[in-house]
Amino acid sequence: MTLHAMIPIPGDLHARYNRDSAGRDWLASLPGLISDALDRWQLSVDLAPGTEPWNGHGALVVPVLQNGAPSALKIAYPHDEAQVERHALALWDGHGAVRLLAADAPSCTMLLERLEASRWLQDAPMDHARDAWGAVLRRLSIQPDERLEWRALEHIAATAERWSDELPAEWERLDRPFPRWLLEAALEVCQTRGAVGRRSGTDVLVHTDLHFMNILAVPSGNRQLRGDYLAIDPQPQIGEAEFAVAPVLWNRIHDLSRTAPEAALRERCHDFSVAAGLDPEAARQWSIAREVDNALWYAGTPGHGGDLARSLWVASTLAGRTLDGLPRVHEIPDPGATAH
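Quantities reported herein were computed from a predicted structural model and do not represent experimental measurements.

**Considerations on the pattern of salt bridges**
Here comes step 1: With the rule as written, the count across this model stands at 17 salt bridges.
Here comes step 2: Taking the shortest distance from any N to any O, the salt bridge between Arg114 and Asp46 comes out at 2.9 Å. Placement of Arg114 in the loop between strand S6 (109-113) and strand S7 (116-120) and of Asp46 in the loop between strand S1 (43-45) and strand S2 (54-55) is noted, with a sequence separation of 68 residues between them.
Here comes step 3: A salt bridge links Arg173 to Glu170, with the nearest nitrogen and oxygen atoms 2.8 Å apart. With Arg173 and Glu170 both in helix H5 (residues 156-173), this residue pair falls 3 residues apart, about one helical turn.
Here comes step 4: Members of the salt-bridge network, linked through shared partners, are Lys74, Glu85 and Asp233.

Here is the structure:
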């Protein structure tokens, strides 16, 4: 048996994709995909026997060596966001984000530079996380140019237009799972910041999943030129950079003040926006719309009661009227903790 065939699949990744035939087929294909990538790019696995590789929500990441240089082999479950990731990484070219070394589009496989997977912003002091996050987002916010990769990316204004139709229909289909005023708050954002009533925002490349666990430390030898941290897993779109703020609001909510968590959430929205040179009000508006969209997905998906409560708490708090009947914020589980 070859080394790549002995690479174990992390338990949470296996559990997530073992629920349907498409996921099981992908899990079964992983040994062959790893083998193909090792041969294609002349890589060797840099993993102690029996040690699990890294993984995100939808990808396996194997530490490898290419000509002795530490790299990371990422094999993603084929889906729309994974298909466009390589385009965004190519556009950033290592500025603010992990550097793309090679990609194989049909297999959703990428060879990336290796960052320090054990050092991220998830457990950094919040003041440090705020400043580091802001610095990363500033570097990521590049404006469109003539490069062809831009053509593969969806515009956030188009997402808002789609939400204008989809959110009310889904709210009705799910038997109105939260008060109408919160739905209308999200729809107002879609109207004022979407394509029809769009304000004078600047289009940039937006990392739409820029939460604390998607920002990793740069190896010490490269920090002088690259900064201390770089982003991974971008889920990219084009539009207003303020769209990127929401994930730092729905993550690490247990770090909010116990005495006044609502005020602390709004303050975090303001402070992170300012750290990145963004408009705090635009960030607040986009975050309401994004969390209402999340809430409807959770309401229609079994096993996400805690996630639904968190999205409703964040969205309604940012809208200025925290919903009654929700658990106390410090009793709400972390993202994904209630899924089964």
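**Concerning the pairing of S6**
Here comes step 1: Taken across its 5 residues, S6 has 5 buried, putting it largely inside the fold.
Here comes step 2: Sheet topology places strand S4 (residues 69-76) next to S6; 5 bridges connect them, and they run antiparallel. For Lys74, the partnering residue across the bridge sits in S6 and is Met110.
Here comes step 3: Sheet analysis places strand S5 (residues 100-104) next to S6, joined by 4 bridges and oriented antiparallel. Bridge pairing links Leu100 to Leu112 in S6.
Here comes step 4: Adjacent in sequence and paired antiparallel, S5 and S6 are bridged by 4 residues, among which Cys108 carries a positive phi angle near 55 degrees.

**Focus on the environment of Phe178**
Here comes step 1: When you line up the elements, Phe178 lands in the loop between H5 and helix H6 (180-193).
Here comes step 2: Of the residues examined, Phe178 reaches a relative accessible area of 4% and is grouped as buried.
Here comes step 3: Along the chain, Phe178 and Leu296 lie 118 residues apart, while their C-alpha atoms are 9.1 Å from each other.
Here comes step 4: If sequence neighbours within four positions are ignored, Phe178 has contacts with Trp171, Leu183, Val292, Ala295, Leu296, Leu312 and Leu323.

**Quick word on the nonpolar core**
Generally speaking, nonpolar side chains in soluble globular proteins are found buried as a group.
Here comes step 1: Counting residues in each nonpolar core, the largest one holds 82 residues, and the members touching the most others are Leu121, Trp133, Phe178 and Val292.
Here comes step 2: When residues in this core are grouped by element, the largest group, 8 residues, is from helix H10 (residues 280-299).
Here comes step 3: For Leu121, the contacting residues outside a window of four places in its chain are His128, Ala129, Ala132, Trp133, Phe212, Ile215, Tyr229 and Arg252.
Here comes step 4: Judged by nonpolar contacts, the second largest core, of 22 residues, contains Leu30, Ile34, Ala37 and Ile75.

**Section: helix H4 (residues 126-140)**
An α-helical turn contains 3.6 residues, so a residue and the one three or four places further along point in the same direction.
Here comes step 1: Taking 1.5 Å as the rise per residue, H4 with 15 residues should run 21 Å; its terminal C-alpha atoms sit 21 Å apart, in good agreement.
Here comes step 2: Looking only at H4, the buried set comprises Ala129, Ala132, Trp133, Gly134, Val136, Leu137 and Leu140.
Here comes step 3: Contacts from the buried residues of H4 go to helix H3 (80-92), strand S8 (204-206), strand S9 (215-217), strand S10 (229-231), helix H8 (247-250) and helix H9 (261-275).

**A few points about the sheet that holds S10**
Here comes step 1: Sheet architecture is open: 3 strands sit in the order S7-S9-S10, paired in antiparallel fashion. Only two strands of the sheet have a single neighbouring strand rather than two, namely S7 and S10. Averaged over neighbouring strand pairs, the angle between their axes works out to 55 degrees when direction is ignored.
Here comes step 2: Note: S7 against S9, 2 bridges, orientation antiparallel. Each bridged residue has a counterpart across the sheet, and for Trp120 the counterpart in S9 is Leu216.
Here comes step 3: With respect to the sheet, H4 is in contact with S9 and S10, its orientation differing from that of S10 by roughly 55 degrees.

**Thoughts on the side chain of Thr109**
Here comes step 1: Along the chain, the position of Thr109 falls in strand S6.
Here comes step 2: Within the structure, the side chain of Thr109 is placed 2.8 Å from the side chain of Ser107, a separation counted as a polar contact.
Here comes step 3: If sequence neighbours within four positions are ignored, Thr109 has contacts with Ala37, Trp41, Leu73, Lys74, Ile75, Ala103 and Asp104.

**What to know about the packing of aromatic side chains**
Here comes step 1: Counted under the stated rule, the structure contains 8 aromatic pairs.
Here comes step 2: Note on Tyr17 and Tyr77: the rings are 4.8 Å apart at their centroids and 35 degrees apart in plane angle, and the pair reads as tilted. Of the two residues, Tyr17 is situated in helix H1 (residues 11-17) and Tyr77 in the loop between S4 and H3; the sequence distance between them amounts to 60 residues.
Here comes step 3: For Tyr77, a relative accessible area of 19% gives the class buried.

**Focus: the confidence of the model for the chain**
Here comes step 1: Chain-level pLDDT for the chain is 92 on average; 94% of the residues reach the 70-or-more range.
Here comes step 2: Between residues 1-5, whose pLDDT stays under 50, and residues either more than four places distant or in other chains, the model counts 6 contacts.

Cut-offs and rules
- Residues numbered from 1 in each chain as written.
- Predicted model: local features only at pLDDT ≥ 70, side-chain atom pairs only at ≥ 80, totals over all residues.
- Heavy atoms only, no water.
- Salt bridge = Lys/Arg side-chain N within 4 Å of Asp/Glu carboxyl O.
- Helix = DSSP H or I, 4+ residues; strand = E, 2+ residues; numbered from the N terminus.
- Buried < 20%, exposed > 50% of the residue type's maximum accessible area, 1.4 Å probe, protein only.
- Pairing = 2+ DSSP bridges.
- Contact = heavy atoms within 4.5 Å.
- Core = buried A, V, L, I, M, F, W, Y, C linked by side-chain atoms within 4.5 Å.
- Expected span 1.5 Å × (residues − 1).
- Axes fitted to C-alpha atoms, helices over the stretch in contact; angles between N-to-C directions.
- Polar contact = N/O pair within 3.5 Å; in protein donor to acceptor, adjacent residues only side chain to side chain.
- Phe/Tyr/Trp six-rings, centres within 6.5 Å; stacked < 30°, edge-to-face > 60°.
- pLDDT = per-residue confidence, 0-100.

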